[in-house]
Amino acid sequence: MKNVGFIGWRGIVGSVLLERMIKKKDFDYINTIFFTTSQFGQLIPFNIQNKCKILQNAYDIEILSSLDIIITCQGSQYTNKIYSKLRLIGWNGFWIDASSYLRTSINSVIILDPINLNLIKKKIDIGIKTFVGGNCTVSLMLMALGGLFQDNLIEWLSVSTYQAASGAGSNFMRELLLQMKFISEIPNFTKNYTNILDIDKKISKNIKKNNFPQKYFSVPLAGSLIPWIDKKVNDGQTKEEWKGQFETNKILNTKNIIPIDGICVRIGTLRSHSQSFTIKLKQQLSLDNIQNIIKSHNKWVKVIPNDMNNTINNLTPVAVSGKLDIPIGRIKKLNIDKNCFSAFSVGDQLLWGAAEPLRRMLKLLLDY
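This is a predicted model, so every value here is computed, not measured. Think of each chain on its own: its residues are numbered from 1, step by step along the sequence as written. Residue-level local features of this predicted model are given only where pLDDT is at least 70; pairs of side-chain atoms are given and counted only at 80 or more, and the full residue set underlies all totals for whole chains, interfaces and linings. No hydrogens and no water enter the side-chain calculation; it runs on all heavy atoms of the structure.

A few points about the packing of helix H1 (residues 12-23) against helix H12 (residues 351-367)
Where helices are involved, their axes are fitted lines through C-alpha atoms of the stretch in contact, as for all axes, and angles between N-to-C directions lie from 0 to 180°. A run of DSSP states H or I qualifies as a helix once it reaches four residues; a run of E qualifies as a strand once it reaches two. Both are numbered from the N-terminal end. Relative to each other, H1 and H12 sit at 50 degrees, their axes nearing to 9 Å. When the axis of H1 is compared with that of H12, the two are oblique. Here the hand of the crossing between H1 and H12 comes out right-handed. Touching Val-13, Val-16, Leu-17, Arg-20 and Met-21 of H1 are Leu-351, Ala-354, Ala-355, Glu-356, Leu-358, Arg-359 and Leu-362, all from H12. Gly is put with the polar residues, along with every residue not named as nonpolar or charged; the nonpolar set is Ala, Val, Leu, Ile, Met, Phe, Trp, Tyr, Cys and Pro, and the charged set is Asp, Glu, Lys and Arg. Along the lines of polarity and charge, the residues of the contact of H1 with H12 split into nine nonpolar, no polar and three charged. Working definition: roughly parallel below 35 degrees, roughly antiparallel above 145 degrees, roughly perpendicular at 65 to 115 degrees, and oblique for all remaining angles. Take the far helix as the reference: if the near one is turned anticlockwise from it by less than a right angle, the crossing is left-handed, and if turned clockwise, right-handed. Whether two residues are in contact is decided by their heavy atoms: any pair within 4.5 Å suffices.

Right, here's the structure in full:
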């Protein structure tokens, strides 16, 4: 039985991963040592059948170096501090990471096994030991459009993302709720006889007050949106937008780069990311053909008919929250080019966009 260290299980991604692993009984097949950066020495605060019941120090290199596999959701700062130290002393175990820190390393593989299982296996065979979860929107996009990528049909892709507050972390989720609460505390705003324009003016005035909760977002998100995620990089892109092309092509191991670009937007949704695609194909295909290619790729992608009722009931963050399904709809040809079509997809970014690829990578290593 492999000794597996679990770090960052208390955070938002780690909590989802822990929940999934308990549900799928993954802990029955490993000896798990749980680590903490601040509460080591305390008892594990949940009931899992494993030998070590005490939380260990996440900075203890000696204990970490005794493990066969480390799975971490602690974040890039932790990986930056610990990963190199372990490798420098000769630790040759498997490192599975939710953070972005190692994604650009030539010695790492970005994991999304329904898309790149063969590449993952090939890298294991040649001795690669570092496996990293991808950017949330990139992973969700690939799950939705995997069939088109697999058949090498995409010439270029433009994407606009609509990303939930949970993509930034639990503090941002709480702040969005506080902003919603702040906005709703308008006297008589629910009463029908109150002039809605007066309410709108009061809300706009309240949002601009100095005591409006915006410590983490720095600006209002509730009642608004933020068309900027992460820091600025080259050519006016944000890093979140840059990841679309880089990570997609690394996951697919492409010889010729598939051009991908767009704009990433934070919206006032708690959980699950949405994306609008404009796709240029290398050849003209019928809508039926496109839909068949998409839905036949993996068991999680669900093609939603392009009508109002199906769209508003099945193609929203509310509809997919907590589910592994990846619905994709609004599939239609565009007037701008005979080989262009649009689509809209949504997925729970805490599952396929974060925790699930890590869980499946761990299982793959145990079964390999």
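Additional details are given in the paragraphs that follow.
Describing the layout of surface pockets
Points on a 1 Å grid over protein atoms alone make up a cavity when a 1.4 Å probe fits among them but cannot get out, and a pocket when they form an open set with protein on both sides within 12 Å along at least five of seven lines; lining residues each have an atom within 4 Å of a point. Grid points are joined across faces, edges and corners, and a volume is the space filled by probe spheres set on the points. In this model, the largest pocket occupies a volume close to 1100 Å³. Residue lining of the largest pocket: 43 residues in total, with Val-13, Gly-75, Gly-167, Ala-168 and Gly-169 positioned closest to the centre. Of all the secondary structure elements, the ones that give two or more residues to the lining of the largest pocket are H1, strand S2 (30-36), helix H8 (239-252) and H12. Per-element accounting of the lining of the largest pocket gives the leading share, three residues, to H8. Of the residues in the lining of the largest pocket, the class split is 16 nonpolar, 20 polar and seven charged. In this model, the second largest pocket occupies a volume close to 520 Å³. Looking at the second largest pocket, it is lined by 23 residues, and the ones nearest its centre are Phe-149, Gln-150, Leu-252, Asn-253 and Thr-254.

Things to note about the pairing of strand S10 (residues 260-267)
Pairing between strands requires that DSSP locate at least two bridges from one strand to the other. Here strand S8 (residues 154-163) pairs with S10 via seven bridges, running parallel. In the sheet register, Gln-163 faces S10, and the bridge partner there is Arg-266.

What about the side chain of Thr-269?
Its location among the elements puts Thr-269 in the loop between S10 and strand S11 (273-281). Given a relative accessible area of 19%, Thr-269 falls into the buried group. Setting aside chain neighbours within four positions, we find Thr-269 in contact with Ala-164, Ala-165, Leu-176 and Pro-317. The cut-offs for exposure are 20% and 50% of the maximum accessible area for each residue type, with area from a 1.4 Å probe on protein chains only; residues under the lower value are buried, those over the upper are exposed, and the others partly exposed.

As for the nonpolar core
Leu-145 and Leu-157 are the most contacted members of the largest nonpolar core, which has 69 residues in total. The contact partners of Leu-157, leaving out residues within four places of it in the chain, are Met-141, Leu-145, Phe-149, Pro-259, Ile-260, Asp-261, Phe-277, Thr-278 and Ile-279. One finds Ala-58, Ile-70, Leu-86 and Trp-91 within the second-largest nonpolar core, a separate group that totals 16 residues. Put simply, buried Ala, Val, Leu, Ile, Met, Phe, Trp, Tyr and Cys residues joined by side-chain atoms within 4.5 Å make one nonpolar core.

Regarding the sheet that holds S8
Strand order in the open sheet formed by seven strands is S9-S10-S8-S11-S14-S13-S12, with mixed pairing between adjacent strands. Sheet topology places strand S9 (225-226) and strand S12 (301-303) at the edges, where each strand pairs with a single neighbour. Bridge count between strand S13 (residues 326-333) and strand S14 (residues 340-347): four bridges; the pairing is antiparallel. The residue of S14 that forms the bridge with Ile-328 is Ser-345. Strands S8, S10, S11, S12, S13 and S14 of the sheet are contacted by helix H5 (residues 136-150), whose axis makes an angle of about 40 degrees with S11.

Remarks on empty space enclosed by the protein
The method is simple in principle: a probe with the dimensions of a water molecule rolls over the atoms, and the space it marks as empty is what remains. A full pass over the atoms with the stated rule returns one cavity of 30 Å³ or more. Volume-wise, the largest cavity comes out at about 110 Å³. Val-159, Thr-161, Glu-241, Gly-244 and Cys-264 are the residues nearest the centre of the largest cavity, which is lined by 14 residues in total. Elements represented by at least two residues in the lining of the largest cavity include exactly H5, S8, H8 and S10. In terms of residues, the lining of the largest cavity owes the most to one element, S10, which gives five residues. The class makeup of the residues in the lining of the largest cavity is six nonpolar, five polar and three charged.

Describing the pairing of S14
On any regular strand, side chains alternate: one points to one face of the sheet, the next to the other face. By the criterion of burial, S14 is predominantly enclosed, with seven of the eight residues buried. Judged from the eight bridges that link them, S11 and S14 form a sheet pairing that is antiparallel. In the strand pairing of S14, Phe-277 is matched with Ala-343. Connecting the antiparallel pair S13 and S14 is a turn made up of six residues.

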